[in-house]
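An overview of the molecular structure
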Amino acid sequence: MSRTPRSRLALQAVLFQCVKASETSNLLLVDPARELPSSLKEISGQAIQVLQYDQITAQKMVKLRPELVLAPLLSERFDILDLAKRLEEFGFTGKLRAYSRPLPNIAAIRQEVRAAHPQLDFDIFTLPIDEFRDN
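These lines cover the structure that appears in this document, whether it is placed above or below.

What counts as what
- Residues numbered from 1 in each chain as written.
- Predicted model: local features only at pLDDT ≥ 70, side-chain atom pairs only at ≥ 80, totals over all residues.
- Heavy atoms only, no water.
- Helix = DSSP H or I, 4+ residues; strand = E, 2+ residues; numbered from the N terminus.
- Buried < 20%, exposed > 50% of the residue type's maximum accessible area, 1.4 Å probe, protein only.
- Polar contact = N/O pair within 3.5 Å; in protein donor to acceptor, adjacent residues only side chain to side chain.
- Contact = heavy atoms within 4.5 Å.
- Pairing = 2+ DSSP bridges.
- Axes fitted to C-alpha atoms, helices over the stretch in contact; angles between N-to-C directions.

**Structural notes on the side chain of Asn26**
- As for its placement among the helices and strands, Asn26 is situated in strand S1 (residues 26-30).
- By relative accessible area, Asn26 is classed as buried at 16%.
- A polar contact of 2.7 Å, which involves the side chain of Asn26, links it to the backbone oxygen of Arg65.
- The contact partners of Asn26, leaving out residues within four places of it in the chain, are Ala47, Leu64, Arg65, Pro66, Glu67 and Leu68.

See the structure below:
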């Protein structure tokens, strides 16, 4: 019998809490970690779309109409401030959630993003540390 790795179970629990707490059913994942989409499949009632950062356009935002955008806090191609700016340019005013490995300054980062983009409902949550995940 195949068992789900402990880190994936922890990831599912964190994501479940994030998605359910936001009370949304239309979710956009931006540049997700490898295991993120498969972890979210087990959360019922979600319409999940996946885009890379450079695929986000005004037309796609209108078509997809996400209520919640979930992305890494920092990636090789963008950070959450870049994403927030792009989303705002395309008229998004919903919930933006960043995920990250544990950091000592989460509150300061949260405050910086909220100050720069007050029309977005922004928050950060931490994922369990996993040696196979970049963020």
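**Notes on the side chain of His117**
- Note on placement: His117 falls in the loop between helix H5 (106-116) and strand S5 (121-126).
- Under the relative-accessibility criterion, His117 is labelled buried at 8%.
- Ignoring any residue separated from it by four or fewer positions in sequence, one finds His117 in contact with Leu81, Ala84, Lys85 and Glu88.

**What to know about the sheet that holds strand S4 (residues 95-100)**
- The 5 strands lie next to each other as S2-S1-S3-S4-S5, forming an open sheet whose pairing is parallel. The two strands at the open ends of the sheet, each matched to only one other strand, are strand S2 (47-51) and S5. On average, each strand axis in the sheet is inclined to that of its neighbour by 20°, with strand direction left out of account.
- Summarising the sheet, S4 and S5 pair through 6 bridges and their orientation is parallel. Bridge pairing in S5 places Tyr99 opposite Phe125.

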